[in-house]
Amino acid sequence: MDKIRVVALTEWFLPGTGGGGPVKSLYSLAHLLKNEVDFYIITANRDIKSKESYNLPVDTPIHKEAYTVIYLQKGFNAWKKIPSLTRGIDPHIVYINGLFSVDFSIIPVFMKRAGLIQYPVLIAPRGMLEKGTIRIKFPKKRFFLFMAKIIKLYRGNLIYFHATSESEKKNILRYIGYVPIFIVPNYSPVLAPFVPLIKKENEIHLVFIGRIAEETNLLFAIRTIKEFSDRSDLQITFHIYGNVEEVKYYHECMELADKISRPHIQICYKGSLSFEEVPHTIQKYHFLFRPSVSENFGHSIIEALASGRPVIISNTNPWTGINESGCGWRLPLSIEKMKEALTAAIKMPDDRYQQMCFNALKYASEKMDPQRIKNQYIQMFINIVKAKK
């Protein structure tokens, strides 16, 4: 078979980074499979919650190293152009990156059912059915999912789902119903060489990287650090990076950060990062501290580990074995438990810390085997193409 052609529909894509994990997942996938799959990404010409359009041509293919991208004018019934653009590309598969976008997820499935899209459709929920994510605008989402089940929207011929974990498969079965599901893990490449960092006892530099929203639980992280307000013998720096998705929540976080500010506790929001900046930024800090409410993948977690940095995370993500591998702590969402881990990390001497860094590199290399994951994706696509014949 020649290279597989895939049209990927996604509401957000580069140069915007506000879409977070789903954008990074699609970008990484296109680069992983660039020699085997031709990706044509159709997306909106602005970032999430932004009114500013990109300074890029619309309705015109723009060729990149690993994919071709076509931007559609947001707010002008972009979905109407999808059938004709798709027919012009004549893909083997239409890959829907996300679940709740009206223009790029929901309407395309209706078009598939109506025969306007005649190619197999593969839908990747990208964690949008996780408990912490689905509760945002839950009444609307619950009503849509209920109606989708009633009318059997996703039970059509040649409609498949892509889960990146067993947990996500369970969520699909719960909210969507019994549909064909492929399980292939997400992929996040190692983008920077290891850079050692000295660790002094009773001193720590922590970093949080992720969208500023309730589900990423930044406020919980700051409340945990508040527990050290009276420990002037310890030095704690906590820097926060990420797009502000929920402004009210961001201000709540920063108000608490200001209240607990001490000479020995420094908490600072540093802005957002491009994908390329993340690994190099992580290497400036001793630990990633990200106690999310729920996490389908957590790109910053595996990027920290792949950069040789241990992590302190919640147990609401797929990264099992962190504790056993000696590359950090994966704990229940308990301030007391997180405080114990932070105390151990702060007091940790350099020799113990360097061993944790080595363990992090080893863990990441075992989890992110690019050839193994590439083969799984290719086989998934081939199985879908064969099913159409």
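Scroll up a little and you will see the structure.
Residues numbered from 1 in each chain as written. Predicted model: local features only at pLDDT ≥ 70, side-chain atom pairs only at ≥ 80, totals over all residues. Heavy atoms only, no water.

J.: Help me out: how do you make sense of helix 8 (residues 247-259) in this one?
T.: Spacing of three or four residues puts side chains on the same side of an α-helix, whose turn is 3.6 residues. Between its terminal C-alpha atoms helix 8 stretches 18 Å, which fits the 18 Å expected from 13 residues at 1.5 Å a residue. Taken as a whole, helix 8 has its buried residues at Tyr249, Tyr250, Cys253, Met254, Leu256 and Ala257. Down the axis of helix 8, the smallest arc covering the buried residues is 160 degrees, so these residues share one side. More than 90 degrees from the buried face of helix 8, the exposed residues found are Val247, Lys248, Glu255, Asp258 and Lys259. Contacts made by the buried residues of helix 8 are with helix 7 (218-226), strand 10 (235-241) and strand 11 (265-269). (Helix = DSSP H or I, 4+ residues; strand = E, 2+ residues; numbered from the N terminus. Expected span 1.5 Å × (residues − 1). Buried < 20%, exposed > 50% of the residue type's maximum accessible area, 1.4 Å probe, protein only. Arc of directions from axis to C-beta. Contact = heavy atoms within 4.5 Å.)

J.: Help me out: how do you make sense of the packing of aromatic side chains in this one?
T.: Each pair of aromatic rings is reported with the distance of its centres and the angle of its planes. Enumeration over the complete set of coordinates arrives at 15 aromatic pairs. Between Tyr54 and Tyr71, the ring centres sit 5.8 Å apart and the planes meet at 75 degrees, which makes this aromatic pair edge-to-face. Of this pair, Tyr54 sits in the loop between strand 2 (37-44) and strand 3 (62-63) while Tyr71 is found in strand 4 (residues 67-72), placing the two residues 17 residues apart along the sequence. Assessed through its relative accessible area of 12%, Tyr54 is described here as buried. Tyr71 sits in the buried class, given a relative accessible area of 4%. With 5.3 Å between their ring centres and 70 degrees between their planes, Tyr154 and Phe161 make a pair best called edge-to-face. We note that Tyr154, like Phe161, is buried. An aromatic cluster is present here, built from Phe13, Tyr27, Tyr67 and Phe275 joined pairwise through their rings. Across the ring face of Phe275, the terminal group of Lys24 is positioned such that the distance to the ring centre comes to 5.2 Å. (Phe/Tyr/Trp six-rings, centres within 6.5 Å; stacked < 30°, edge-to-face > 60°. Lys NZ or Arg CZ within 6 Å of the ring centre and 35° of its normal.)

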